[in-house]
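# Observations on the model geometry
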Amino acid sequence: MNDVPPDQLPDYQLNQLSVLEAEAIHIIREVVAEFERPVLLFSGGKDSIVMLRLAQKAFYPARIPFPVMHVDTGHNFDEVLAYRDQRVDELSIQLIVASVQEAIDNGSVTAPPDGTRNRIQTPVLLDALDKHRFTAIFGGARRDEDKARAKERVFSFRDEFGQWDPKNQRPELWNIYNSRIHVGDSIRVFPLSNWTELDIWEYIKQESIELPSIYYAHDREVFERDGMLYAVHEHKQPGPKDKVFTERVRYRTVGDASLTAAVRSDADTVEKVIEEVASTRVTERGATRGDDKFSEASMEDRKREGYF
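This is a predicted model, so every value here is computed, not measured.

## Here's the deal with the overall build of the protein chain
From N to C terminus, the protein chain includes nine helices and ten strands. Per-residue burial over the protein chain gives 52% buried out of 308 residues. A fraction of 71% describes how many contacts in the protein chain between residues 6 or more apart in sequence connect residues 24 or more apart. Of the roughly 15,600 Å² of accessible surface on the protein chain, 48% is carried by carbon and sulfur atoms.

In structure tokens, the structure reads:
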């Protein structure tokens, strides 16, 4: 057998995105093999969209073997809800909607005086998980988003009340996951833990994944408050001193219209967004989420209560 010149040998090395994809798919398959009732949280945001694509690839050509769930606060952007319904229909998967408005109407939660609803998502989420007896819940959280999320393991264990104790988590040496839980306990699973915002956008480009239009630059009526640009929306109205103007903006993250701000941008293609994200030094939550400005520990406090 003749020796093959080194420059003609096949390259078996995986690039960064392929490594991340393989790791995430392995985690998803591991959970489905180990847990009886998994579910994927799907909001129509870019991270949950990537999660859904990974789940699709993990089990192709079979259908995704678990439902998706959206905790609907009732303050969503219309474009995101339309995308959510379209994507679920395309994949023929079950969508479970846990409605915050229904919880307010039946008296199980009370709307805060300021009208925002992010804080009261948690009891609605926990009630839905308990009702459907889900034991493993996939989430799209990444460690680069927030200091509290950086404390998470890939398998994040929750007690019978759905609460998180960051000091009581299991080691994950050599990517070996201990999936054993007690009756009543559950886990939150974060296959995107090692991804960054830039990785997400590179993967969206690689896979040609469609996103809600608000992720790309567009003209929108906004007003500025506390250094952030909020869209004029039925659930986010300008005050008497707020000046409304039209600005070219896009959204880096998608949450409630009442709390999620836009950023000035001309990035109207995935390539331009990647270039923009690569040069920014502010996390997407820090730049656009008003609910995380209440305190440095706001996210960790919410996670201890059961939030993702």
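On we go.
## Digging into the sheet that holds strand β7 (residues 218–225)
With antiparallel pairing, four strands are arranged side by side in an open sheet as β8-β7-β9-β10. Looking along the sheet, the strands with just one partner apiece sit at the ends: β8 (228–231) and β10 (263–264). As paired strands, β7 and β8 are joined by four bridges and run antiparallel to one another. Counterpart to Arg225 in the pairing with β8 is Met228.

## A look at the packing of aromatic side chains
This model, assessed by the stated rule, comprises eight aromatic pairs. Ring plane angle 85° and centroid distance 6.3 Å describe the contact between Phe59 and Phe66, whose orientation is recorded as edge-to-face. Exposure class is identical for Phe59 and Phe66. Each is buried. Taken together, a centroid distance of 6.0 Å and an interplanar angle of 80° make the contact between Trp201 and Tyr215 edge-to-face. With Trp201 in helix α6 (residues 197–207) and Tyr215 in the loop between α6 and β7, the pair connects residues that are 14 residues apart, well separated along the chain. Given the relative accessible area of 1%, Tyr215 is considered buried. An aromatic cluster is present here, built from Phe59, Phe66 and Phe138 joined pairwise through their rings. One cation-aromatic arrangement involves Lys236 over Tyr230; the distance from NZ or CZ to the ring centre is 4.3 Å.

## Regarding the side chain of Ser99
Considering the arrangement of structural elements, one finds Ser99 in strand β3 (residues 95–99). A polar contact is formed between the side chain of Ser99 and the backbone nitrogen of Glu102, at a distance of 3.1 Å. Setting aside its immediate chain neighbours within four residues, Ser99 contacts Asp72 and Val124.

## What to know about the sheet that holds strand β6 (residues 186–189)
Ordered in space as β3-β2-β1-β4-β6-β5, the six strands form an open sheet in which the pairing is mixed. Because the sheet does not close on itself, it has two edges, and the strands there are β3 and β5 (155–158). Neighbouring strand axes in the sheet, compared pairwise and without regard to direction, differ in orientation by 30° on average. For strand β2 (residues 68–72) and β3, the ladder comprises five bridges, and the chain directions are parallel. In the sheet register, Asp72 faces β3, and the bridge partner there is Ser99.

## Focus on the nonpolar core
The biggest cluster of nonpolar side chains holds 59 residues, and the ones touching the most others in it are Leu54, Phe155, Trp195 and Trp201. No other element matches helix α2 (residues 46–59), which puts eight residues into this core. Apart from residues no more than four positions distant in its own chain, Trp201 is found in contact with Lys46, Leu211, Tyr215, Tyr216, Arg250, Val270, Val273, Ile274 and Val277.

## Looking at the packing of α2 against helix α3 (residues 78–91)
It is the contact of α2 with α3, at a shortest axis distance of 12 Å, that shows an interaxial angle of 0°. Classed by the angle they form, the pair α2 and α3 counts as roughly parallel. Facing α2, whose interface residues are Ile49, Leu52, Arg53 and Gln56, α3 presents Tyr83, Arg87 and Leu91. Looking at the contact of α2 with α3, its residues break down into four nonpolar, one polar and two charged.

## A word on the pairing of β2
For a regular strand, the rule is simple: side chains alternate between the two faces of the sheet. Within β2, five of the five residues are buried, which leaves it mostly tucked inside the rest of the structure. Of the two faces of β2, the one carrying Val68, His70 and Asp72 and the one carrying Met69 and Val71 are both buried. Pairing between strand β1 (residues 38–41) and β2: two bridges, direction parallel. Considered in β2, the bridge of Leu41 is made with Met69. Crossover β1 to β2 through α2 is right-handed. Read as a crossover between parallel neighbours, the route from β2 over α3 to β3 is right-handed.

Definitions and limits used
- Residues numbered from 1 in each chain as written.
- Predicted model: local features only at pLDDT ≥ 70, side-chain atom pairs only at ≥ 80, totals over all residues.
- Heavy atoms only, no water.
- Helix = DSSP H or I, 4+ residues; strand = E, 2+ residues; numbered from the N terminus.
- Buried < 20%, exposed > 50% of the residue type's maximum accessible area, 1.4 Å probe, protein only.
- Contact = heavy atoms within 4.5 Å.
- Areas by Shrake-Rupley, 256 points an atom, 1.4 Å probe, with all protein chains shown as cover.
- Pairing = 2+ DSSP bridges.
- Phe/Tyr/Trp six-rings, centres within 6.5 Å; stacked < 30°, edge-to-face > 60°.
- Lys NZ or Arg CZ within 6 Å of the ring centre and 35° of its normal.
- Polar contact = N/O pair within 3.5 Å; in protein donor to acceptor, adjacent residues only side chain to side chain.
- Axes fitted to C-alpha atoms, helices over the stretch in contact; angles between N-to-C directions.
- Core = buried A, V, L, I, M, F, W, Y, C linked by side-chain atoms within 4.5 Å.
- Parallel < 35°, antiparallel > 145°, perpendicular 65-115°, else oblique.
- Nonpolar A, V, L, I, M, F, W, Y, C, P; charged D, E, K, R; others polar.
- Right-handed = clockwise from strand over helix to strand, strands pointing away.

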